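Structural characterization, general
So the chains spell out like this:
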Amino acid sequence: MSITTGTLRNWLRHAAALIHEQRDYLTRLDAAIGDGDHGVNLDRGFTAIVESLAQHHGGDAGTILKTAAMRLIATVGGASGPLYGTAFRRAGKLNEGCQSLDEHQVLAMLQAFLDGVSTLGKAHPGDKTMVDALAPAVEAYAQALSEQQSLAEALQRAAAAAHQGAAATIPLLARRGRASYLGERAIGHQDPGATSAALLIQALAEVV
Ligand code: ADP
Ligand code: MG
């Protein structure tokens, strides 16, 4: 089983739909420990991605992922625009010229996505950021492959781990981003970026 360029397009479209649906929820999470723009920012960015995909047909996996990166960097702003933009750009660079990705290439793509966020944001697991959803997702996916699970099953496990990781940010202090200014007042709130990151992994699992 593999992911085709059509699947990648479906991923981005489905992610846009999920983010649109959860826009107010993401914004409420960000209102509690940030500035209340996360849902609106990402909704704008993913709407722009869907528009670009509709205008540009074809293209290899690298082109599709890099298009997503450019749209996010150009339209989202804040912390999450450059962070997700870098994540998609790294994933795109890795897949230049590829028409489809097998389960091992999907692992490399997820790892590149995580590395993009970690390198730019310098956050570690437990810092109450996107990394808290993405790192467990990559780990669960790799573990599933090592148990000879299918690509679809591995992605389901990655999505579940990402959502668990996002929920596990609730009791944490924030060490990066705006929420870190709040000190102990960030405790008791789920991180918006970890939540949106889990939605992105969920979207991929659902289209596969
Ligand atoms: P801003 O904080 O600029 O308004 P957003 O609201 O769009 O940006 O995104 C906030 C999210 O970005 C946070 O919930 C957190 O998950 C993520 N984030 C912020 N800084 C970092 C960082 N240095 N590394 C990883 N993720 C971060
Ligand atoms: Mg914000």
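Use the structure listed above.
Let us look at the structure shown here. Note that the structure is predicted; figures quoted are calculated from it, not measured.

Bound to the magnesium ion (ligand 2) on the protein side are Asp30 (OD), Asp35 (OD) and Asp37 (OD), at distances that span 2.0 to 2.2 Å. Expressed as a motif, the donor residue spacing for the magnesium ion (ligand 2) is D-x4-D-x1-D.

All right, on to the site of ligand 1 then. In the neighbourhood of ligand 1, 21 residues make up the surrounding shell, with Ala79, Ser80, Gly121, Asp191 and Gly193 lying closest. At a separation of 2.9 Å, a nitrogen atom of ligand 1 approaches a polar backbone atom of Gly121. A distance of 2.9 Å separates an oxygen atom of ligand 1 from a polar backbone atom of Gly193. Contact with the protein chains removes 93% of the 570 Å² of surface that ligand 1 exposes when unbound. Going through the elements one at a time, helix H3 (38-55), helix H5 (80-94), helix H6 (103-121) and helix H9 (192-207) are the ones with two or more residues in the shell around ligand 1. Of all the elements, H9 adds the most residues to the shell around ligand 1, at three residues. For the shell around ligand 1, a count of residues per class yields seven nonpolar, eight polar and six charged.

The rules we used
- Position numbers for residues count from 1 along each chain, tracking the sequence in the order it is written.
- Whichever chain is written first is A, and whichever ligand is written first is 1; the rest continue in order.
- Only residues with pLDDT of at least 70 get local features here, since the model is predicted, and only at 80 or more are side-chain atom pairs given and counted; chain-wide, interface and lining totals rely on the full set of residues.
- Each side-chain value is worked out from all heavy atoms of the structure, with water and hydrogens disregarded.
- With water excluded from the atoms, a metal site may look incomplete; its donors are any N, O or S atoms within 2.8 Å, or within 3.2 Å for Na, K and Ca.
- By convention in this text, a residue qualifies as near a molecule or strand provided that one of its non-hydrogen atoms is within 4 Å of it.
- In the analysis that follows, any N or O atom pair within 3.5 Å is treated as a polar contact, provided that within protein one partner can donate a hydrogen and the other can accept it, and provided that, for residues neighboring in sequence, both atoms belong to side chains.
- Working definition of accessibility: Shrake-Rupley area with a 1.4 Å probe, residue cover restricted to the visible protein chains.
- Only DSSP runs of H or I covering at least 4 residues are called helices, and only runs of E covering at least 2 are called strands; the numbering of each starts at the N terminus.
- Polar here means any residue outside two lists: the nonpolar Ala, Val, Leu, Ile, Met, Phe, Trp, Tyr, Cys and Pro, and the charged Asp, Glu, Lys and Arg; Gly therefore counts as polar.

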